[in-house]
Amino acid sequence: MEQNSESMQRPVGFCRACGKSLSQEEVREYQGTIYCGEHFPRQAGAGEPASGPAASSPGSVNANPYTSPPPQPSSASVSPGLAFILGFIPGVGAIYNGQYAKGFVHVIVAGLLFSLSGEETGVMEPLFKMFIPVWIFYMAFEAYHTAKKKMLGEPVDEFSSIFPHSGTATGFPVLPVLLIAIGVLFLLNNLDIVSIRRMMPYTGPVFLIGLGVYLLYARLRANAEAAREVSHGRN
Amino acid sequence: MRPRSIAGPIILIAIGALFLLHNLWPEIAMFDIFLRYWPYLLIIWGAVRLVEVLVWAGTRRALPPAGVSGGEWTIVVLLCVFGTLLFWGSKWAPSWNSDIRVRGLEIFGERYEFPVSATKEVGKDARVVLDLGRGNARIVGTDGTQITINGQKSINSYDQNEANKADQQTPLEIVSVGDQIVIRTNQDKLDGSRRMSNDLDISIPRSASIEGRGRYGDFDVRDLDGGVQVTSDNAGVRLENIGGAVKVDLRRSDIVRATKIKGPVSVKLSTRGRAGEDLELDTIEGPVTVAGAFSGELNFRNLAKPLRFEGVTTELRVEKTPGFVKMALGNLTAENVQGPFHLTSGTRDVNVRDFTGNLEIQVDRGDLELRPARQSGRIDARTRNGEVDLVLPSGAKFDLNASTSRGEISNEYGAPLKLETVGRGASLRGSNGGPPVTVTTDRGSITVRRAGTAEPPAPPAPPPSILPRKLSPPPVPEPQRQ
Amino acid sequence: MEGTSTSPHQERSLIAAIRGPVLMITVGALFAIDHAGLYSFSTTWPAILIVLGVMKLMERASPRS
């Protein structure tokens, strides 16, 4: 009871799933989002952060009748079907799911595809034209799956499906490096220092090589990790 | 409680302060300031949020999961879109910008109208300059020797007193300056951001010449033996029955129409954006020069002297146009014209019928359909991407060389033309001792046909053109396919 | 662990919280440069990608919980 009154006095955050106010001890964090002990995603598994308080508080939270949440929280109002339909409009599906940044990215990519495919002198225009329907359908299905996840109360990360979290597994910052590389490339292109159009014939092979190197790195790293774990187990 | 941002209230206060400022000093061009400096709003907003987050972190309070909420991003995106659109819009079309301000003022103020009139005895051959500003002018040549003006003045104002004051500040005058007669509306003497316009009916001696200067409004001029010159930022110009030279120099325009002009005609518009819309020149006895960007339809009809047109990507020269030349966005149709006919263009479908003299056409993208009259000269027509349809009159003399780099050629003319397949393309050659006729496409098929003897010279009516060919089928060798 | 356990949390969410404002300042600066007639926004937009990437990298580099 004493802990409860303390949490009433100084809440530091709110559970993303149920909106309950949380004290410093009750906060659980998963991929940058705050949850209460009840809604903290179990999938996090072994990498669960701050396991100390987690072991002590859930019991006390569950004991409190006021904070015991309904099994399907507020996000049940999300309709996957509507999300799917809205997903055909660039960005709108993601915005419906409350993922504003993702919606922004969707709009930018769609806009890029449209403008690139409209460029008459481009060599790649048929490719970009083919990408347009693919991207439209991708957005719709992506919105559908995200909405479904939300409806089932599963946690969704802002960029969960735009970019896989494989980078997290290996520790190599794929997304940031890719972002910076593309940014630098386009900036140099726009400043007429290098020409992307002239580099087009080389980008395919270079991309493949880069992907290969990255996969090799990931594989080696995973092997090394496995070896270390095995040795740990022996110890 | 989680700390809440102070950015919202600050922005509200800033907007309130701006409106207050605007009401205190209405002559400050708020709109222009916003157009130019709205990005700094974003910077300040972001900086406020940044400092806030840092302060919260410093005092160890809980941080929001995101520094900028979704709603805020929506406002930011809207701000960026509208700011950019308006900024570029105002840059490209300064008059458009001021229209917005006029509309804004009309909401607050009211419109007051005053009748205006003036008369002055001038010589028969006066050189009249009309300094109109904003408004419309209808100018008619009459048999007298005096200038008569009737019309009205519209002033946007908050009350009658102010409107009266503005009316007195802007008298309509007819004065002699050197050897010119100047009609002044004195709109520039109006102070502040008030707006006015004049609507004038002017009659001047028939043999006078007139030069009109305006900012926004239409010029209609009729029945003058002298020359007409119109300069404006944005105007519709209609001229009819003019004896002298016509010179129209506009930045933007919705229509320029000139009919029955005896002198040379020159129309010049801005080449930026969609400066002009429609142009119509009919029955012009002098040479015609047109330059500028047009988004609508251009019609040239019955031109006795050479026509010269320069658009953004299009250049056209025609020696004589007894028939017509019609240009819309993406196509050109000409009928009954005399060469040398010269056209270079970007993307345009070209259809030239019943032409004589030399013909030279070069387009980047577009189909060509050419039907020379019985007596045509050299033809050199090229398209980079498009089909070519050449209909030769029977009995015509030519030295034909048709070639495509990628596509087929169908020879419906028959002998003496010979078809040859070259790689993925083909060529068709043959001569009966006439002038060279060269048609080339890089990508697209070519059809060479014989104009049916029974075929009417008028536009193609399919049934009669097919029938005679069926009656006398020429031995068409099936093109060899590799 | 007890005394310092909040700081890694704090730092990661600090960078997440900073991201929005920094992005906003960047966009504002690019448009200001555009309107001043130096470089047009159509030229400089990749800078937004670079800033995003750098922010992400910083998020990585900060100590994990």
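Structural notes, computed from the coordinates.

Here is what the cut-offs are and how they apply
- Residues numbered from 1 in each chain as written.
- Chains lettered and ligands numbered in written order.
- Predicted model: local features only at pLDDT ≥ 70, side-chain atom pairs only at ≥ 80, totals over all residues.
- Heavy atoms only, no water.
- Helix = DSSP H or I, 4+ residues; strand = E, 2+ residues; numbered from the N terminus.
- Buried < 20%, exposed > 50% of the residue type's maximum accessible area, 1.4 Å probe, protein only.
- Contact = heavy atoms within 4.5 Å.
- Areas by Shrake-Rupley, 256 points an atom, 1.4 Å probe, with all protein chains shown as cover.
- Pairing = 2+ DSSP bridges.
- Expected span 1.5 Å × (residues − 1).
- Core = buried A, V, L, I, M, F, W, Y, C linked by side-chain atoms within 4.5 Å.
- Buried area = accessible area lost by both parts, 1.4 Å probe.
- Salt bridge = Lys/Arg side-chain N within 4 Å of Asp/Glu carboxyl O.
- Nonpolar A, V, L, I, M, F, W, Y, C, P; charged D, E, K, R; others polar.
- Phe/Tyr/Trp six-rings, centres within 6.5 Å; stacked < 30°, edge-to-face > 60°.

Examining the overall build of chain B
- What chain B contains, in helices and strands, is six helices and 28 strands.
- Classification of the 482 residues of chain B by burial places 43% in the buried group.
- For chain B, the proportion of contacts with a sequence separation of at least 24, taken over those separated by at least 6, is 45%.
- Element-wise, carbon and sulfur atoms account for 53% of the exposed surface of chain B, whose accessible area totals about 24200 Å².

So, the pairing of strand β13 (residues 276–284) of chain B
All names here are of chain B.
- Bridging between strand β11 (residues 246–261) and β13 involves seven bridges; their strand directions are parallel. By the bridge assignment, Ser 253 is partnered in β13 with Gly 276.
- As defined by bridge partners, β13 adjoins strand β15 (residues 298–303) across five bridges and the pair is classed as parallel. Looking at the pairing, Leu 279 lines up with Leu 298 of β15.

Comments concerning helix α3 (residues 46–61) of chain C
- Between the first and last C-alpha of α3 of chain C there are 23 Å, a value that for 16 residues agrees with the 22 Å anticipated at 1.5 Å per step.
- Along α3 of chain C, the positions that sit buried rather than exposed are Pro 46, Ala 47, Ile 48, Leu 49, Ile 50, Gly 53, Met 55 and Glu 59 of chain C.

A short note on the nonpolar core
- By size, the foremost hydrophobic cluster in this structure holds 85 residues, and its most contacted members are Phe 300, Phe 341 and Ile 361 of chain B.
- Formed by 15 residues, the second largest nonpolar core is a distinct cluster that contains Val 68 and Trp 73 of chain B together with Leu 30 and Ile 48 of chain C.

Brief notes about the interface of chain C and chain B
- Across the boundary between the two partners, chain C contributes 21 residues, which contact 30 residues of chain B.
- Both sides together, the interface formed by chain C and chain B hides about 2100 Å², and carbon and sulfur atoms give 76% of it.
- At the boundary of chain C with chain B, the tally comes to zero salt bridges.
- Residues of the side of chain C that touches chain B, tallied by class, amount to 14 nonpolar, six polar and one charged.

What about the packing of aromatic side chains?
- Evaluation of the coordinates by the stated rule reveals eleven aromatic pairs over all chains.
- Taken together, a centroid distance of 6.2 Å and an interplanar angle of 85° make the contact between Phe 84 of chain A and Tyr 144 of chain A edge-to-face. Taken together, the residues Phe 84 of chain A in helix α3 (residues 80–86) and Tyr 144 of chain A in helix α6 (residues 125–151) connect sequence positions 60 residues apart.
- Residue class for Phe 84 of chain A comes out partly exposed when judged on its relative accessible area of 22%.
- Seen in terms of ring centroids, Phe 186 of chain A and Trp 45 of chain C are 5.1 Å apart; in terms of plane orientation they differ by 45°. Their pairing is tilted. Highlighted residues: Phe 186 of chain A in helix α8 (residues 174–190) and Trp 45 of chain C in the loop between α2 (41–44) and α3, drawn from two different chains.
- Accessibility expressed as a relative area gives 23% for Trp 45 of chain C, which makes it partly exposed.
- Aromatic ring contacts, followed pair by pair, group Phe 84, Phe 88, Phe 137, Phe 141 and Tyr 144 of chain A into a single cluster.

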